[in-house]
Amino acid sequence: MPQRFSDGRETRGMMVIDGPGGRKTTLVSRALKHHPAVGESAPGGPHYIEASVPSPASLKSMGNVLLERSGYPLVHANHNARSTWETVARRFKDLGITTLCIDEAQQNGQVRKKNS
């Protein structure tokens with residue numbers, strides 16, 4: 001079961017590493033789908049979202065992808081990264097999302113702030 005640390009502000013993560021064609025995405029997707037606490041059979045589930053890092057990668061574009069994957073009806077182009085992520089946090093809380101899987105992050109390098 002996902003747990004919060006640091007007075008409820010942080011969680012712990014994991015990284016799955018293998019060579020190309022190692023079926024990392026399939027492994028993680030199946031594990032999430034069938035996990036009793038977050039998967040499709042979890043009470044009120046599923047409680048996870050999977051998404052790939054967009055190109056070009058930015059904090060705002062990643063936030064917009066997560067909103068889209070969560071079924072958020074409209075992503076406003078004029079929102080800045082901070083307001084986008086505030087919306088992501090509210091949306092995840094409302095939906096009971098406790099687990100986030102970001103796939104293919106290495107394909108685009110680090111997600112970075114604009115003007116960095």
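Structure first, text after, so check above.
Keep in mind it's a predicted model, so treat the numbers as computed, not measured.

**Topic: the nonpolar core**
(1) Moving on: I49, A51, V53, A57, M62, L66, L67, V88, F92 and I97 together form the largest nonpolar core, which totals ten residues.
(2) Moving on: Mapped by element, the contributors of at least two residues to this core are β3 (48-52), α2 (59-69) and α3 (81-95).
(3) Moving on: Looking at this core element by element, the count peaks at three residues for α2.
(4) Moving on: V28, L32, V38 and Y48 belong to the second-largest nonpolar core, a separate cluster that totals six residues.

**Here we look at the environment of P36**
(1) Moving on: Secondary-structure assignment places P36 in the loop between α1 (24-34) and β3.
(2) Moving on: Along the backbone, P36 and P46 are ten residues apart, and their C-alpha atoms lie at a distance of 9.5 Å.
(3) Moving on: Leaving out residues up to four positions away in the same chain, P36 has contacts with A42 and P43.

**Brief notes about unusual backbone geometry**
(1) Moving on: In the segment running from G45 into P46, the intervening peptide bond is cis, with an omega of 0°.
(2) Moving on: Turning to its location among the elements, P46 is positioned in the loop between α1 and β3.
(3) Moving on: Following S55, the chain continues to P56 via a peptide bond in cis, the omega torsion being 0°.
(4) Moving on: By the element assignment, P56 lies in the loop between β3 and α2.
(5) Moving on: One non-glycine residue, R23, lies in positive phi territory at about 65°.
(6) Moving on: With respect to the helices and strands, R23 occurs in the loop between β2 (10-11) and α1.
(7) Moving on: Residue classification places R23 among the exposed residues on the basis of a relative accessible area of 53%.

**Examining the packing of α2 against α3**
(1) Moving on: Relative orientation of the contacting elements α2 and α3 amounts to 30°, with a least axis distance of 9 Å. With respect to α3, the axis of α2 lies roughly parallel. In the crossing of α2 with α3, the sense of the turn from one axis to the other is left-handed. Here L59, K60, M62, G63, N64, L66 and L67 of α2 lie close against α3, whose contacting residues are A81, T84, W85, T87, V88, R91 and F92.

**Considerations on α3**
(1) Moving on: Compared with the 21 Å implied by 1.5 Å per residue over 15 residues, the 21 Å span of α3 between its first and last C-alpha is a close match.
(2) Moving on: Taken residue by residue, α3 has T84, T87, V88, R91 and F92 as its buried positions. Down the axis of α3, the smallest arc covering the buried residues is 135°, so these residues share one side. Of the exposed residues in α3, those oriented more than 90 degrees away from the buried face are R82, K93 and D94.
(3) Moving on: Of the surrounding secondary structure, the elements contacted by the buried residues of α3 are β3, α2 and β4 (99-103).
(4) Moving on: Measuring from the side-chain oxygen of the N-cap residue of α3 to the backbone nitrogen of R82 gives 3.2 Å; that N-cap residue is N80.
(5) Moving on: Where α3 ends, the next residue or the one after it, G96, has phi of about 75°, a positive value.

Conventions used here
- Residues numbered from 1 in each chain as written.
- Predicted model: local features only at pLDDT ≥ 70, side-chain atom pairs only at ≥ 80, totals over all residues.
- Heavy atoms only, no water.
- Core = buried A, V, L, I, M, F, W, Y, C linked by side-chain atoms within 4.5 Å.
- Buried < 20%, exposed > 50% of the residue type's maximum accessible area, 1.4 Å probe, protein only.
- Helix = DSSP H or I, 4+ residues; strand = E, 2+ residues; numbered from the N terminus.
- Contact = heavy atoms within 4.5 Å.
- Axes fitted to C-alpha atoms, helices over the stretch in contact; angles between N-to-C directions.
- Parallel < 35°, antiparallel > 145°, perpendicular 65-115°, else oblique.
- Left-handed = near helix turned anticlockwise from the far one by under 90°.
- Expected span 1.5 Å × (residues − 1).
- Arc of directions from axis to C-beta.
- Polar contact = N/O pair within 3.5 Å; in protein donor to acceptor, adjacent residues only side chain to side chain.

The values are spatial; any link to function lies outside them.
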